[in-house]
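Examining the three-dimensional arrangement
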Amino acid sequence: MPHYGLLTNPSNEILAEIVKAYELDFEYVEVGIEGPEGHPLMIKKKKDNILNLLQKFSHKPIAHTPYWIDLCSDYEHVRHAWVLEAKREIRIARMIEIDLINFHANLNGMFYGEKRKVLLDNMIKSLREIVSYAHKYQIRVMLENVPRSNGIHNIDEFKYIIDNVDPLFVHLDIPHAFTSGGMKSVIDYLSTFKDKIVHVHWHDNHGTGDEHLPVGSGLIDHQKALKVLKNINYDRTITLEVFTNSNDARSSANKLKTMWSEDLQQ
């Protein structure tokens, strides 16, 4: 049975966000290391209080970094600066006793066709350095697929990166995969990376954009996705990334739990 958690909203005071996740009976909190309220300096300032609150949960916290970090940049000074920032976020994660951190498969620029390989290789170069650095802090690094966009959402491009950075794990955002090609894309991601998936994000959308809706408000076949997760013996973490409100996130978690249990009884 997976463990369910809630992501902190970086626009809100971080201690209050952690308390809210606990009061809503989530098993862990995914800490957004992102400004303004989750800025690394803010987390450092509130470290002791954050640690005290995180100890209340039954499962370990996870670190979530900003999606716009540009580890692919063909501007070498910029790419290097983002790698340095990624290393700082790793140190911040370790400071609050987190051992799993995500980065996003973001990509910027007018790169199409064969030219995209330049940026994919830059991402590999950046992640190799980041993964090596994280290893010193006993932190695992995972890459999150992004929704349909100019970013790296195509499964072949995503796999190229995963295959060329070791060890690099997969943070699968189910609804992001849905925007890339419907349920076929979701199943392809689950099947391709079944041995690499260590964390999942869940919400809903209508397949055309990243809406972050409550479960059941869009077109995703949640039961089908859950069944595949069970078939690959997934028992790790699922964060509800529902942006309408926290109560919708809680009810979405309950729906997933119910569907999971009902399928087991069939």
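Read on for an overview of the structure. In this text the structure is predicted, and so the values were computed from the model without any measurement.

This paragraph deals with the overall build of the chain. For the chain, the helix and strand inventory stands at 9 helices and 8 strands. What you see for the chain is a C-alpha radius of gyration of 18 Å, in line with the 18 Å of a compact globule of 266 residues. With the C-alpha coordinates of the chain rotated into their principal frame, the extents come out at 50 × 45 × 30 Å. Taken over 266 residues, the chain has a buried fraction of 56%. The contacts in the chain between residues at least 6 apart in sequence include a share of 76% that link residues at least 24 apart. Put simply, the chain shows about 11900 Å² of open surface, and 50% of that area lies on carbon and sulfur atoms. Between the averaged position of the 31 positive side-chain charges in the chain and that of its 36 negative side-chain charges there is a distance of 4 Å.

Spatial ordering of the closed barrel is given by β1-β2-β3-β4-β5-β6-β7-β8, a layout of 8 strands whose pairing is parallel. Ignoring which end each strand starts from, the neighbouring axes of this sheet average 30° apart. Here strand β6 (residues 169–173) runs beside strand β7 (residues 197–202); their pairing, made up of 4 bridges, is parallel. Directly across from Leu172, in β7, lies its bridge partner Val200. Helix-sheet contacts for helix α7 (residues 174–192) involve β5 (140–144), β6 and β7, and the interaxial angle to β6 is about 120°.

Here Gly113 shows up in the loop between β4 (100–104) and α5 (116–136). For Gly113 and Asp74, which are 39 residues apart along the polypeptide, the C-alpha to C-alpha distance reads 16 Å.

This paragraph deals with the pairing of strand β1 (residues 3–7). With 4 of 5 residues buried, β1 is to be regarded as a mostly interior element. In the sheet, β1 pairs with strand β8 (residues 237–240) via 4 bridges, with the strands oriented parallel. When the bridges of β8 are listed, Leu6 appears paired with Leu240. For the segment spanning β1, helix α1 (residues 14–23) and strand β2 (residues 28–32), crossover handedness is right-handed.

Calculation notes
Residues numbered from 1 in each chain as written. Predicted model: local features only at pLDDT ≥ 70, side-chain atom pairs only at ≥ 80, totals over all residues. Heavy atoms only, no water. Helix = DSSP H or I, 4+ residues; strand = E, 2+ residues; numbered from the N terminus. Rg over C-alpha atoms; globule rule 2.2 N^0.38 Å. Buried < 20%, exposed > 50% of the residue type's maximum accessible area, 1.4 Å probe, protein only. Contact = heavy atoms within 4.5 Å. Areas by Shrake-Rupley, 256 points an atom, 1.4 Å probe, with all protein chains shown as cover. Lys, Arg positive; Asp, Glu negative; His and termini not counted. Charge placed at Lys NZ, Arg CZ, Asp CG, Glu CD. Pairing = 2+ DSSP bridges. Axes fitted to C-alpha atoms, helices over the stretch in contact; angles between N-to-C directions. Right-handed = clockwise from strand over helix to strand, strands pointing away.

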